[in-house]
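# Residue-level structure breakdown
Chain by chain, the residues run as shown.
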Amino acid sequence: MERRKFDKSSKRRSLEICLYFIPIPVFLTALCIGAYKLRITEVIDIILYKICGYTLFDSRLKALAVKALFDIRLPRVILSMLVGAALSVSGASFQSIMKNPLVEPYTLGVSSGAAFGAAFSMAFSLMPVQISAFAFAMLSIALCYGIARQKEQLSVISLILAGIVISSIFTAALSAIQLFVDPLKLQGLIFWTMGAFYTTTWSKVFSSVGFMAAGFALIFIFRWKLNILSLGDQEAKILGVNPALYKGIIIFAATLLASSSVAVTGIISLVGLMIPHVCRMLFGPDNKKLVPLSMALGASYLTVVDTFARNLFTFEIPVGIFTTFLGAPFFIILLRKVRSAGWN
Amino acid sequence: MELIEYKNVSIRYEKGKPVISNVSFGLEKGSITAFLGPNGSGKTTLMSALNRLVTPFEGEIFVDGISIKDIPLKKLAAKIATVPQFSSPSFGYSVYNMILWGRAPYISYTPKSEDYRIVDETIERLKIERLKDKPFTEISGGEKQLVLIARAMAQKTPIVLMDEPTTYLDIKNQIKILNIVKEINASDGVTFAVTLHDPNHALYIADNVVMVSNGSAVKGKTADMMTEENIRKLYDVKSSFADIGGIRYMAVDYRD
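Residues numbered from 1 in each chain as written. Chains lettered and ligands numbered in written order. Predicted model: local features only at pLDDT ≥ 70, side-chain atom pairs only at ≥ 80, totals over all residues. Heavy atoms only, no water.

### Thoughts on the overall build of chain B
Assigned secondary structure in chain B consists of nine helices and twelve strands. For chain B, the C-alpha radius of gyration of 18 Å lies close to 18 Å, the compact-globule estimate for 256 residues. By its C-alpha atoms, chain B is 55 × 45 × 35 Å across when sized along the principal axes. The buried share among the 256 residues of chain B stands at 53%. Intrachain contacts of chain B at a sequence separation of at least 6 include 66% that bridge at least 24 residues. Total accessible area on chain B is roughly 12000 Å²; 50% of this is exposed by carbon and sulfur atoms. Here chain B contributes 32 positively and 31 negatively charged side chains, and the mean placements of these two sets differ by 3 Å. (Helix = DSSP H or I, 4+ residues; strand = E, 2+ residues; numbered from the N terminus. Rg over C-alpha atoms; globule rule 2.2 N^0.38 Å. Buried < 20%, exposed > 50% of the residue type's maximum accessible area, 1.4 Å probe, protein only. Contact = heavy atoms within 4.5 Å. Areas by Shrake-Rupley, 256 points an atom, 1.4 Å probe, with all protein chains shown as cover. Lys, Arg positive; Asp, Glu negative; His and termini not counted. Charge placed at Lys NZ, Arg CZ, Asp CG, Glu CD.)

### Quick look at the sheet that holds strand 9 (residues 208-213) of chain B
Working definition: the strands of a sheet are paired by backbone hydrogen bonds and lie parallel or antiparallel to each other. Residues and elements named next belong to chain B. Ordered in space as 6-7-8-3-9-10, the six strands form an open sheet in which the pairing is mixed. In this open sheet, the two edge strands, each paired with only one partner strand, are strand 6 (80-83) and strand 10 (216-221). In this sheet, adjacent strand axes meet at a mean angle of 15 degrees when their direction is disregarded. The pairing of strand 7 (residues 159-163) with strand 8 (residues 191-195) spans five bridges and is parallel. Paired with I159 across the two strands is T191, which belongs to strand 8. Running at roughly 35 degrees to strand 9, helix 9 (residues 228-235) makes contact with strand 3 (32-36) and strand 9 of the sheet. (Pairing = 2+ DSSP bridges. Axes fitted to C-alpha atoms, helices over the stretch in contact; angles between N-to-C directions.)

### Some thoughts on the pairing of strand 9 of chain B
Residues and elements named next belong to chain B. Among the six residues of strand 9, six are classified as buried, and the element is accordingly described as predominantly covered. Neither face of strand 9 is left uncovered, since the one carrying N208, V210 and V212 and the one carrying V209, M211 and S213 both have all their residues buried. Where strand 3 meets strand 9, four bridges bridge the pair, whose relative direction is parallel. When the bridges of strand 9 are listed, T33 appears paired with N208. In this structure, strand 9 lies alongside strand 10, joined through six bridges in antiparallel fashion. Directly across from S213, in strand 10, lies its bridge partner S216.

### Details of the side chain of S230 of chain A
For S230 of chain A, the position within the fold is in the loop between helix 10 (223-229) and helix 11 (233-238). Those residues in contact with S230 of chain A, other than ones at most four positions away along the chain, are S96 and K99 of chain A together with S90 and Y93 of chain B.

### Notes on the state of the cysteines
Applying the stated criterion across every chain, the model contains zero disulfides over all chains. Free cysteine: C18 of chain A, not disulfide-bonded; nearest cysteine sulfur from C279 of chain A at 14 Å. (Disulfide = S-S within 2.5 Å.)

### Observations regarding the pairing of strand 1 (residues 4-11) of chain B
Residues and elements named next belong to chain B. In this sheet, strand 2 (residues 20-27) lies alongside strand 1 in antiparallel orientation, the contact comprising five bridges. The residue of strand 2 that forms the bridge with I4 is L27. Across five bridges, the pairing between strand 1 and strand 4 (residues 58-63) is antiparallel. Residue pairing across strands places K7 opposite E60, the latter belonging to strand 4.

### As for the packing of helix 5 (residues 110-124) of chain A against helix 12 (residues 243-265) of chain A
A pair of packed helices can be characterised by two numbers: the angle between their axes and the separation between those axes. All names here are of chain A. Relative to each other, helix 5 and helix 12 sit at 45 degrees, their axes nearing to 9 Å. As summarised for this structure, helix 5 and helix 12 are arranged oblique, according to the angle between their axes. The two elements helix 5 and helix 12 cross, and the hand of that crossing is right-handed. Here V110, S111, A114, A115, A118 and M122 of helix 5 come into contact with helix 12, specifically with T255, A258, S259, V262 and A263. (Parallel < 35°, antiparallel > 145°, perpendicular 65-115°, else oblique. Left-handed = near helix turned anticlockwise from the far one by under 90°.)

### Thoughts on the packing of aromatic side chains
A complete count under the given rule lists 18 aromatic pairs over all chains for this structure. Plain terms: the ring middles of F222 of chain A and Y246 of chain A are 5.3 Å apart, the flat faces sit at 65 degrees to each other, and that makes the pair edge-to-face. Pair noted here: F222 of chain A is in the loop between helix 9 (202-221) and helix 10 and Y246 of chain A is in helix 12, with a separation of 24 residues, a long-range link. Arranged with centres 5.6 Å apart and planes meeting at 75 degrees, the rings of W224 of chain A and W101 of chain B form a pair that is edge-to-face. Of this pair, W224 of chain A sits in helix 10 while W101 of chain B sits in the loop between helix 3 (95-100) and helix 4 (113-125), placing the two residues on different chains. Classification of W101 of chain B as buried rests on a relative accessible area of 0%. (Phe/Tyr/Trp six-rings, centres within 6.5 Å; stacked < 30°, edge-to-face > 60°.)

### Examining the pattern of salt bridges
Taken as a whole and judged by the stated rule, the model has 21 salt bridges over all chains. For D71 of chain A, the salt bridge identified is with K67 of chain A, shortest N-O distance 3.3 Å. You can see D71 of chain A and its partner K67 of chain A sitting in helix 4 (residues 63-97), four residues apart, about one turn around the helix. Judged by relative accessible area, which is 48%, K67 of chain A ranks as partly exposed. With a closest N to O distance of 3.8 Å, K79 of chain B and D64 of chain B form a salt bridge. Placement of the pair is K79 of chain B in the loop between helix 2 (73-77) and strand 6 and D64 of chain B in the loop between strand 4 and strand 5 (66-67), with a sequence separation of 15 residues. For D64 of chain B, a relative accessible area of 43% puts it in the partly exposed group. Each of R13, E16 and K289 of chain A takes part in a single network of salt bridges with overlapping partners. (Salt bridge = Lys/Arg side-chain N within 4 Å of Asp/Glu carboxyl O.)

### Focus: the sheet that holds strand 1 of chain B
An order of 2-1-4-5 (chain B) is seen for the four strands of this open sheet, with the pairing classed as antiparallel. Across the chains shown, the open sheet's two edge strands, defined by having one partner strand only, are strand 2 and strand 5 of chain B.

### Remarks on the domain arrangement of chain B
Residues and elements named next belong to chain B. You can read the domains of chain B as domain 1 (1-79 + 158-231) and domain 2 (90-156). On a C-alpha basis, the centres of domain 1 and domain 2 stand 24 Å from each other. Contact with domain 1, which involves 16 residues of that partner, is made by 16 residues of domain 2. Buried area between domain 1 and domain 2, both sides added, is near 1200 Å², and the carbon and sulfur share of it is 62%. Run the count over domain 1 and domain 2 and you get two salt bridges. (Domains from an automatic or database assignment. Buried area = accessible area lost by both parts, 1.4 Å probe.)

### A look at the interface of chain B and chain A
Contacts between chain B and chain A engage 33 residues on the former and 27 residues on the latter. Taken together, both faces of the contact between chain B and chain A bury some 2400 Å²; the carbon and sulfur share is 63%. If you look at where chain B meets chain A, you find one salt bridge. Of the charged contacts, one joins E235 of chain A and R151 of chain B as a salt bridge, the two residues approaching to 2.8 Å between their closest N and O atoms. Here the residues of the side of chain B that touches chain A sort into 18 nonpolar, eleven polar and four charged. (Nonpolar A, V, L, I, M, F, W, Y, C, P; charged D, E, K, R; others polar.)

In structure tokens:
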């Protein structure tokens, strides 16, 4: 009995270590796959050549291969990893602080708020895309929280319903922008709202990486405290954790992650719901592990899905369509599970 | 000097009528004090003011001579641990982790080896090794109460507050919890403040009793306070007391 238990926990530990490293082979494989196929040794050599000026496997580097990899595929794969990790960590954080297993940036209306903000900035160029996306994402979370909170209580279902309402308002506002926008910008805007990486450039990576790094750092530092916050305000207080302060920090960081993702890729839904739950099922709900594991799995998942999205057909399908089709059944299963355990 | 001192404390919720009015008393170091009173009398409110879950609109509460208003939340949690009536986490944290959360006042980022050592010791002391890997959400009510006590013990505080720890438990588990409180108090000198519904539990464990009713509170030695007259005033029931096997018991007249 003891031996079986030991075997199970050591297997789980091995799986956990594998999961931390899985983004590396996913990253290299995704760089190899595409219209212009590359060997893994070529990929490594091109990256090394561009960064350090020498190669490891002495591959014959063609100018086209260097261009395809370094200017097109590399920023795209890096961005898909960053966005996958950001949405997953954001989802895991929102689920903990709101004591609600069904929330994520999309169901809370944060993604729609950020999408409106970003589209508003793209259409009218009044302020930087990232700032506008963040401001409207914060506005949606504040509205959602305000509507759902009654007498110090935050029920599971009211939060979801408030998220649907807020999301609908911002989606309608986004449609209104599309009516007024210059027809030349319209097609890009519509494609962007579906959630896609096809327009990725190094400048998009650089414009979001700083915001994302700040969001990741804050949540990583306070990830253990997320456990205490998930017990509710009263228990957090009796354990000496100031709920208002730390919830504020986490909401700020999680919104920063979600909004900076939406600003560069559009709405990619349900990644933030699915990935943290898969990690919880495999390794338990302790946020000390859950946050880094969600980061690794989220980065890998979105990169794999995006690699399919750009290679499955001769034309590109926005990755957001795939994540929704994959995430929706997951959401329904979770909803049924939560409903059988009671709405609150 | 008393370890905890309530000085002219008045508490109300949202500008309503005060639940507690101008209450003053002290709790001695190393004592067990039971808060007794009918439903809605304000005994939990009175205790919740001590861990700052509610704030008095008048008066002050002192711990070790320092007003709790001036003690940061984290430092207060290193002085006062609370065992809530229940805890309902949304995720199935393991019992081990639930106890580890008790180390929160001492942890800035993530737990250190010292924190894990204290949790292991606490689990061994309460003999709950068999529970440690189980999800907290899947254990019985009595086991949950034990785990919440273990969490308070891991918090290593000189004061522990307990809110109706025996309310939802069967008799066997009630006895277990009461004896654990007595044992921790005797061996570690921890000061306990416990709200209770059953006066017999107060007779068994408490050195002092605070009787709370109609917004006021009166404190005294258990032997002096637990009289037929006081019980009638507090609960409006007839009672009688008897000593059996060296323990004092109270019986109530069930005929209305």
